[in-house]
There are 2 protein chains.
Amino acid sequence: MDRKTRSRLEARTRIIKALAHPSRLFMVEELARGKRCVCELAEMVGADISTVSKHLSLLKSAGVVRDEKRGNQVWYELRCTCVLGFFDCVEAVMDSLAEQEREE
Amino acid sequence: MDRKTRSRLEARTRIIKALAHPSRLFMVEELARGKRCVCELAEMVGADISTVSKHLSLLKSAGVVRDEKRGNQVWYELRCTCVLGFFDCVEAVMDSLAEQEREE
DNA sequence: TGGCCAATTGGCATAATAGCCAAGGATGGA
DNA sequence: TCCATCCTTGGCTATTATGCCAATTGGCCA
């Protein structure tokens, strides 16, 4: 694996890692329905606001979401709805895994 | 976030996490071209065989790949090619991120 | 049986993540 | 100006992930 390939894969990995957490998946699904502010998401996720803020910051730096300040609130929105396409595939893999386990 | 939702998201997370590593991405792309044995992949990735074996074991338990013993070798193959669809989306997110950075 | 090769597993050290509390910065209203 | 609210950041600990070496398993062949 040469340096160029590795660098390309690391860039992809940053985005995939950003999605690889239950709370972040939850927020992405929620943001697919519309903009939400941090305190709303924190309430829904059921974690400390600082934790949720860090999750959002991570999603933002990965390019998955975008933020917008309004007064003293910060609203987040999905930047790329194609991310939702991930989930269909993930479901397919899960079905495939279930099938595999039945085989054994 | 209720218990049922969390459990569903954790299941999805397992699969996404399995893809969230440069070497594993590399192997998935390589397996998209056809079956490969562990030593071939280890050679290509440029890591210790034991490391590659653990990566493959992780991908397998996530349901992304399947293995098949032939003599004293083990061949791996993609179980669900839809995983490749991830990458198109990832590219889109990366483009979107580049755009975001130009804006700022 | 003994030796070799492929692969997995155990063990360990290091690095990266996650989550909370506390502190700080910004905004809006009284 | 003072205070409350919203959010982010720093700091810390606990957990998890990574990658190597060493040891082990399993198959093949002489």
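Remember, it's a predicted structure, so these values are computed and weren't measured experimentally.

Reading the values: rules and limits
Residues numbered from 1 in each chain as written. Chains lettered and ligands numbered in written order. Predicted model: local features only at pLDDT ≥ 70, side-chain atom pairs only at ≥ 80, totals over all residues. Heavy atoms only, no water. Near = heavy atom within 4 Å. Polar contact = N/O pair within 3.5 Å; in protein donor to acceptor, adjacent residues only side chain to side chain. Helix = DSSP H or I, 4+ residues; strand = E, 2+ residues; numbered from the N terminus. Nonpolar A, V, L, I, M, F, W, Y, C, P; charged D, E, K, R; others polar. Pairing = 2+ DSSP bridges. Salt bridge = Lys/Arg side-chain N within 4 Å of Asp/Glu carboxyl O. Phe/Tyr/Trp six-rings, centres within 6.5 Å; stacked < 30°, edge-to-face > 60°. Buried < 20%, exposed > 50% of the residue type's maximum accessible area, 1.4 Å probe, protein only. Lys NZ or Arg CZ within 6 Å of the ring centre and 35° of its normal. Core = buried A, V, L, I, M, F, W, Y, C linked by side-chain atoms within 4.5 Å. Contact = heavy atoms within 4.5 Å. Axes fitted to C-alpha atoms, helices over the stretch in contact; angles between N-to-C directions. Buried area = accessible area lost by both parts, 1.4 Å probe.

Draft legend 1. Local environment of the protein's contact with DNA strand C. The environment of DNA strand C is formed by 23 residues, the closest being His55 of chain A together with Cys39, Ser53, Lys54 and Tyr76 of chain B. At 3.3 Å from a phosphate oxygen of DNA strand C is found a side-chain nitrogen or oxygen belonging to His21 of chain A. Cys39 of chain B has a polar backbone atom sitting 2.8 Å from a phosphate oxygen of DNA strand C. Among the elements of the structure, helix H4 (49-62) of chain A together with helix H3 (38-45), helix H4 (49-62) and strand S3 (73-78) of chain B are those that each provide at least two residues to the surface near DNA strand C. The element best represented in the surface near DNA strand C is H4 of chain A, accounting for five residues. Of the residues in the surface near DNA strand C, the class split is eight nonpolar, 10 polar and five charged.

Draft legend 2. Summary view of the sheet that holds strand S3 (residues 73-78) of chain A. All names here are of chain A. The sheet built from three strands is open, its strands ordered S1-S3-S2 with antiparallel pairing. Edge positions in the open sheet fall to strand S1 (36-37) and strand S2 (65-70), since each of these has one partner strand only. Sheet topology places S1 next to S3; two bridges connect them, and they run antiparallel. Of the residues in S3, the one forming a bridge with Arg36 is Tyr76.

Draft legend 3. Region of interest: the pattern of salt bridges. Going through the model one piece at a time under the given rule, you end up with 20 salt bridges over all chains. A salt bridge links Glu30 of chain A to Arg36 of chain A; its shortest N-O distance comes to 2.8 Å. Salt-bridge contacts for Glu68 of chain B lead to Lys35 of chain B; the nearest nitrogen and oxygen are separated by 3.0 Å. In this pair, Glu68 of chain B sits in strand S2 (residues 65-70) while Lys35 of chain B sits in the loop between helix H2 (22-31) and strand S1 (36-37), placing the two residues 33 residues apart along the sequence.

Draft legend 4. The packing of aromatic side chains, seen in detail. Summed over all chains, the structure comprises one aromatic pair over all chains. Considering the side-chain rings of Phe86 of chain A and Phe86 of chain B, the 4.2 Å spacing of their centres and the 40° angle between planes classify their relative orientation as tilted. Of the two residues, Phe86 of chain A is situated in helix H5 (residues 83-103) and Phe86 of chain B in helix H5 (residues 83-103); the pairing between them involves two chains. For Phe86 of chain B, a relative accessible area of 3% translates into the label buried. Geometry around Trp75 of chain A places Arg70 of chain A over its ring, the cationic atom sitting 4.9 Å from the centre.

Draft legend 5. Seen up close, the nonpolar core. With 60 residues, the main nonpolar core has Leu19, Val64 and Val83 of chain A together with Leu19 and Val64 of chain B as its most contacted residues. Those residues in contact with Val64 of chain A that lie beyond four places of it in its chain are Ile15, Leu19, Val28, Leu59, Glu77, Leu78, Arg79, Cys80 and Val83 of chain A together with Val93 of chain B.

Draft legend 6. Region of interest: the sheet that holds S1 of chain B. All names here are of chain B. Strand order in the open sheet formed by three strands is S1-S3-S2, and the pairing between neighbours is antiparallel. At either margin of the open sheet sits one strand with a lone partner, and together these are S1 and S2. Both S2 and S3 contribute to a ladder of six bridges, which runs antiparallel. In the sheet register, Val65 faces S3, and the bridge partner there is Leu78. Each of S1, S2 and S3 touches H2; the most contacted strand, S3, lies at about 85° to it.

Draft legend 7. Region of interest: the interface of chain A and chain B. Counting residues at the interface gives 46 residues for chain A, matched by 45 residues for chain B. With both sides pooled, the region where chain A packs onto chain B buries about 3,900 Å², and carbon together with sulfur makes up 67% of that total. The tally of links from chain A across to chain B stands at six salt bridges. For the salt bridge of Arg12 of chain A with Glu29 of chain B, the shortest nitrogen-to-oxygen distance reads 2.7 Å. Counting every contact that joins chain A to chain B gives eight residue pairs in polar contact (both at pLDDT 80 or more). If you list the elements that add at least two residues to the side of chain A that touches chain B, you get helix H1 (3-19), helix H2 (22-31), helix H3 (38-45), H4, S2 and H5 of chain A.

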